[in-house]
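Coordinates in review
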Amino acid sequence: MDHSGHGMTMDLPPFTLGRGLTWSADPFFLVACLLGLGLYGWGVVRLRRRGDAWSAGRTIAFVVGVLTVALVMCTRLNDYGMVMFSVHMVQHMIISMLSPILILLGAPVTLALRALPPAGRGRRKGPRELLLMFLHSRYMRIITHPAFTIPLFIASLYALYFTPIFDFLMGSKTGHIAMMVHFLAVGVVFFWPIMGVDPGPNRPGYLMRMLELFAGMPFHAFFGIALMMASEPLVATYKNPPASLGIDALADQNAAGGIAWAFSEIPSVLVLIALLFQWYGSEQRQAKRQDRAADRDGDKELEAYNAYLASLNARGN
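Calculation notes
Residues numbered from 1 in each chain as written. Predicted model: local features only at pLDDT ≥ 70, side-chain atom pairs only at ≥ 80, totals over all residues. Heavy atoms only, no water. 1 Å grid on protein atoms, 1.4 Å probe; cavity = no way out; pocket = protein on both sides within 12 Å on 5 of 7 lines; lining within 4 Å. Points joined across faces, edges and corners; volume = space filled by probe spheres on them. Helix = DSSP H or I, 4+ residues; strand = E, 2+ residues; numbered from the N terminus. Nonpolar A, V, L, I, M, F, W, Y, C, P; charged D, E, K, R; others polar. Expected span 1.5 Å × (residues − 1). Buried < 20%, exposed > 50% of the residue type's maximum accessible area, 1.4 Å probe, protein only. Arc of directions from axis to C-beta. Contact = heavy atoms within 4.5 Å. Phe/Tyr/Trp six-rings, centres within 6.5 Å; stacked < 30°, edge-to-face > 60°. Axes fitted to C-alpha atoms, helices over the stretch in contact; angles between N-to-C directions. Parallel < 35°, antiparallel > 145°, perpendicular 65-115°, else oblique. Left-handed = near helix turned anticlockwise from the far one by under 90°.

1. Here's the deal with the layout of surface pockets
Reported here for the largest pocket is a volume of approximately 930 Å³. In this structure, the largest pocket is lined by 27 residues; those nearest its centre are Gly36, Leu39, Phe62, Ile103 and Pro108. Elements that contribute at least two residues to the lining of the largest pocket include exactly helix H2 (27–49), helix H3 (56–73), helix H5 (85–105), helix H6 (108–115) and helix H11 (173–195). With 10 residues, the single largest contributor to the lining of the largest pocket is H2. Its residues assigned to classes, the lining of the largest pocket shows 24 nonpolar, 2 polar and 1 charged. If you add up the space inside the second largest pocket, you get close to 210 Å³. Lining the second largest pocket are Gly57, Arg58, Leu105, Val197, Ala274 and Gln278.

2. Points about unusual backbone geometry
With a phi angle near 50 degrees, Ala107 is a residue other than glycine that sits in the positive phi range. Note that Ala107 resides in the loop between H5 and H6.

3. Things to note about helix H13 (residues 249–263)
Taking 1.5 Å as the rise per residue, H13 with 15 residues should run 21 Å; its terminal C-alpha atoms sit 21 Å apart, in good agreement. Those residues of H13 that sit buried are Ala249, Asp252, Gln253, Ala256, Gly257, Ala260 and Phe263. Within H13, the buried residues cover an arc of 145 degrees as seen down the axis, which keeps them to one side.

4. Quick word on the environment of Pro117
Summarising the element assignment, Pro117 is placed in the loop between H6 and helix H7 (127–135). For Pro117, a relative accessible area of 31% puts it in the partly exposed group. A sequence separation of 10 residues divides Pro117 from Pro127, and the C-alpha atoms of the two residues are 6.3 Å apart. Sequence-distant contacts of Pro117, that is, excluding residues within four places in its chain, are made with Arg46, Gly126, Pro127 and Arg128.

5. Re the packing of aromatic side chains
The description of an aromatic ring pair uses the distance of the two centres, along with the angle that the planes make with each other. This model, assessed by the stated rule, comprises 16 aromatic pairs. With a centroid separation of 4.2 Å and an interplanar angle of 10 degrees, the aromatic rings of Phe153 and Phe190 are classed as stacked. Taken together, the residues span a long stretch of sequence, with Phe153 in helix H9 (residues 146–161) and Phe190 in helix H11 at a distance of 37 residues. Ring geometry for Phe166 and Tyr238: centres 6.0 Å apart, planes at 40 degrees, overall tilted.

6. Topic: H6
What H6 keeps buried is the set Val109, Thr110, Leu111, Leu113 and Ala115. Its buried side turned inward, H6 meets H2, H3, H7 and H11.

7. Overview of the packing of H3 against H5
Where H3 meets H5, the axes come as close as 7 Å, and the angle between the chain directions of the two elements is 160 degrees. In terms of their interaxial angle, H3 and H5 are classed as roughly antiparallel. By crossing handedness, the relation of H3 to H5 is classed as left-handed. Taking contact as the criterion, the partners of Arg58, Ala61, Phe62, Val64, Gly65, Val66, Thr68, Val69, Val72 and Met73 in H3 are, on H5, Gln91, Ile94, Ile95, Ser99, Leu102, Ile103 and Leu105.

See below:
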């Protein structure tokens, strides 16, 4: 009986962590991950060679982010995700909520803008200028606006799992890859303006970013609760798990709901911590700028204020 959704029979042994995470790479994601790491590494080396610094913390965040994508798509976790709803939900949560945050913390767009060569002599647009044009295009303004990202983030849960779309996509390898790419892309465009690490067309203030973050999370939690409370399997793909797994479809679906519900808290905390650090750093930089300005002009503002007080005092006498 075909349980894989890929038109092939999969007789998988009971899932254990030791046996489950063996090499089973999806070629598309393997190439994409290697390409992403290679391009990022090229950018860092290019900056270093010309004497520019690049944060090791950013590099580590990006590498770990890409490796989390590889973890869920290039190990046997991906095979089990085809027949177990709970494992699929782990994949979904990581690739849509954890991987994007880590990748964005790596500031890949900032790195690209600094590493890409500008337009040469006699040329109006080089790679850097083209990237800047794309970042400030109307298309980017739309897809990174909260009026687009928040509904998309919510629809990626409800419209996908509670309609036949999910089963259709799971029916082919191409559909499954497209769905996972969609999860990653939705996570990136949702968290990009919230994280505010890379430049973009929408740069809301810190308070607004926090509101955007928490606007989508309750819907995420409700989605998980809906799966946990369901009295029958909701997704046809996982209605008949392989007998070798020894699992009950409804119990597995309840576990998937619990994973979705619990995972909504993890990225919220990560992003909130990152935002608080950014906010604190921004305030510190602003204070330093004001101090430098005061040093440059000989504290003219204070002098002017003192002169104003003296004039008031003179009038009073």
